[in-house]
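An overview of the molecular structure
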There are 2 protein chains.
Amino acid sequence: MKKQLLFIIALLVMTNINSFAQQALWGAAPIISPEVKADHTVTFRIQAADADSVQITGDFLPTVKMKTQWGVMDVPGKANLTKDEKGLWTFTSQPLESDLYSYTIIVDGFKTTDPNNVYIIRDVASVFNVFIVGGGKADLYQVNKVPHGSVTRRWYDSPGNVMPRRVTIYTPAGYETSKEKYPVLYLLHGMGGDEEAWIALGRTSQILDNLIAQGKAKPMIVVMTNGNVAQEAAPGESSLGFTKPSMQMDHTMDGKFEETFPDVIKFVESNYRVKAEKSGRAIAGLSMGGYHSLHISRYYPNTFDYVGLFSAAIIPNENVTSKVYENIDQTLEAQMKNGYKLYWIGIGKTDFLYKNVEEYRAKLDKMGMKYTYVETEGGHTWTNWRVYLSQIAPLLFK
Amino acid sequence: MKKQLLFIIALLVMTNINSFAQQALWGAAPIISPEVKADHTVTFRIQAADADSVQITGDFLPTVKMKTQWGVMDVPGKANLTKDEKGLWTFTSQPLESDLYSYTIIVDGFKTTDPNNVYIIRDVASVFNVFIVGGGKADLYQVNKVPHGSVTRRWYDSPGNVMPRRVTIYTPAGYETSKEKYPVLYLLHGMGGDEEAWIALGRTSQILDNLIAQGKAKPMIVVMTNGNVAQEAAPGESSLGFTKPSMQMDHTMDGKFEETFPDVIKFVESNYRVKAEKSGRAIAGLSMGGYHSLHISRYYPNTFDYVGLFSAAIIPNENVTSKVYENIDQTLEAQMKNGYKLYWIGIGKTDFLYKNVEEYRAKLDKMGMKYTYVETEGGHTWTNWRVYLSQIAPLLFK
């Protein structure tokens, strides 16, 4: 064992610029942060002997009201960590509901990640640490000992779009060796997101693996597109290199994505063993992706039997001129007459889009267009979007 | 535009716990860090008004000697950032050679990531920010406007191994629609690594995309296994959940990986359109992965025409008893007699394994076993391993 230990030590010292490794090396116990306990409290630990203040902020803390020039808004709260004589700061949360949570820490006013937690997810232009509290709905978000699907990042040509586009595709366990044709869910991200959003924060592959293994969802392919048509791929994955991500991009809600959507359907249906028919197609999305799902499902008649609008934006900006947004009422009428199996709308009670969705539901009610409506607590959050995916997946392709 | 702007603002405030976004919101210029300049200097910027000291450490800085109980070792150096009147700390590097670099920052003794750089890679139990300086060898590490291969994370059964295993597979552009059979490179990680190591820090898909597009490498499939047979998958991707990664794992260099390697070959050759013959198989790896490549290529006779040992560990621990390590000299003799097209050895001059590799080369010389030898500056680093992959890929399957 001596030889292997020396090998490990040399590796640690020479290749690693890591405080954990060095602690292990010098014999101190490694810092575990976060530590999710059996009672669902979570303890965070930050070693920062020279700091005067360490705080934590994240979606596991109660929100607080913040006054802005656009009105009072809910923002994530903060909590103070407490320092011991060795410079180790700790904070233990209240017992938390089962979920995937994200957080960052603030050391003397400097906000960044917890260096003892290597699990970090990017959302738009931010990164934060994540952790999962199991024992409830988040058990679906964990990798469990069930058959696992494959996740592929692939590029396709989009002739309507002047640039190749990157897409993330989940194929369920058994797809590769089966002879069956599979149905397809097109799953669309929100503003500032990209083809990595649903697979990272959305936990799509875990949710689908688990629901399929439990017999609650049909095996299906999930196609996670990039809805920013001015962007080849997610930040860091395109020829732009490691540039700073931006929330605001050109051509995200002006009809260009909807206009070029047939390119991705054609790509999927000519490259995968799929049910290339209305009953084998679903489209759902969050926020801007809900907006895209609404307009795509109405604009291309008789294409989708299943539609999901998660915290959806609804109404086009008055300045956009795409033909996609002409005759909205007539195309909805046509969609209703053509028939569909599910038109699913979900939104949180405090979502800033609640009123828009309420108005849209009133319009559908007036038209007599049927839909399934789910109202949850909370707002415009991944907490809700993971729940909506977990709820809609079992309703598809039945 | 007003409606869309309000929509973005609401999204930023409600869903984002991000200083960049909030800066953008309140009108301040976003902080760009790192900024890679035309002269190849790089400026780092950290906003930390209340900090007394901000430092940076990373592999772009000259190494320094550190005295340890195991001798003097080279470790990454540190540099001090300078504070301005607004609490913005900056540091500008010397002009840097083209490469992918990694770094972390240290605020009042607290080491973590740069919050303005969303590009973060995990290596074993550490995370650090990365950036690329182009204009040289690292142009191969960038996503360029060339045809892109696909990257799939997939699970396979390993009957020799009692648990399913996750693998990362690169298929070159055009694979899916071609009728050709492709050669396969098995590319193995080092100790503490996993099936994510070569695709993340190794930049395998970018290097292969670029070399293939330039006509310098043959289109090939690259199979990046997980060499820790006691582990289903990379940290965070297995049923262990978001637990702390460990450098030291059971059964990493005791023959178990070599013993079960036929499982992955069988999986690949029955699931992909490949040249299932010696001339269509290569195996290469770094450090522990070089060790695995050495022993696998010798233990399974007539299986690989191409072998690559990158900064390889060589000699088994004296306590291991696997039959894989019996008759090393005789199996090397047999490998030599059976013939191969390339036996490639690369190592850095300051690598702590340099002497072991030197002894191994002396053994091969004595046997008359031919090999290609490349000696580079530097040590046991990803800088070297990316170079070795860039150098060996054009030599394969010719």
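Residues numbered from 1 in each chain as written. Chains lettered and ligands numbered in written order. Predicted model: local features only at pLDDT ≥ 70, side-chain atom pairs only at ≥ 80, totals over all residues.

All names here are of chain B. Counted residue by residue, helix α4 (residues 204-213) has 9 buried out of 10 residues, so it is predominantly covered. The set of residues buried in α4 consists of Thr-204, Ser-205, Gln-206, Ile-207, Leu-208, Asp-209, Asn-210, Leu-211 and Ile-212. Turning to α4, the residues buried within the fold contact β13 (150-156), β14 (165-171), β15 (184-188), α3 (197-200), β16 (221-224) and α9 (382-392). Gly-215 sits one or two residues past α4 and shows a positive phi near 75 degrees. (Buried ≥ 20, exposed ≤ 12 C-beta atoms within 10 Å, placed from the backbone. Helix = DSSP H or I, 4+ residues; strand = E, 2+ residues; numbered from the N terminus. Contact = placed C-beta atoms within 7 Å.)

Bringing the sheet that holds strand β7 (residues 82-83) of chain B into the picture now. Residues and elements named next belong to chain B. Taken in spatial order, the 4 strands make up an open sheet running β1-β2-β8-β7, and their pairing is antiparallel. If you trace the sheet from one side to the other, it starts and ends with β1 (35-36) and β7, each paired once. Inspection of the sheet shows β1 paired to strand β2 (residues 42-47) by 2 bridges, in the antiparallel sense. Pairing of Glu-35 across the sheet is with Thr-43, part of β2. (Pairing = 2+ DSSP bridges.)

All right, on to the nonpolar core then. In this structure, Val223(A) and Val223(B) are the most contacted members of the largest nonpolar core, which totals 202 residues. Once residues lying within four places of it in the same chain are set aside, the contact partners of Val223(B) are Val167(B), Ile169(B), Val184(B), Tyr186(B), Leu187(B), Val264(B) and Val268(B). (Core = buried A, V, L, I, M, F, W, Y, C linked by C-beta atoms within 7 Å.)

What follows covers the domain arrangement of chain A. Where interface size is quoted, it is often the accessible area lost as the parts come together. Residues and elements named next belong to chain A. Structurally, chain A comprises domain 1 (18-134) and domain 2 (141-395). Between domain 1 and domain 2, the C-alpha centre-to-centre distance is 32 Å. Listed by partner, the interface residues are 10 residues for domain 1 and 16 residues for domain 2. For the side of domain 1 that touches domain 2, the secondary-structure elements that each account for two or more residues are β9 (99-107) and β11 (120-123). For the side of domain 1 that touches domain 2, the residue count by class is 5 nonpolar, 1 polar and 4 charged. (Domains from an automatic or database assignment. Nonpolar A, V, L, I, M, F, W, Y, C, P; charged D, E, K, R; others polar.)

Within a sheet, each strand pairs with its neighbour through backbone hydrogen bonds, oriented either parallel or antiparallel. Taken together, 4 strands build an open sheet; the order of strands is β1-β2-β8-β7 (chain A) and the sheet is antiparallel. Either end of the sheet is taken by a strand with one partner, and the two such strands are β1 (35-36) and β7 (82-83) of chain A.

Residues and elements named next belong to chain B. Along α9, 10 of the 11 residues are buried, which leaves the element largely enclosed by surrounding structure. Along α9, the residues that are buried comprise Trp-382, Thr-383, Asn-384, Trp-385, Arg-386, Val-387, Tyr-388, Leu-389, Ser-390 and Ile-392. Against the buried residues of α9 lie β9 (99-107), α4, β17 (281-286), β18 (306-310), β19 (342-348) and β20 (372-376).

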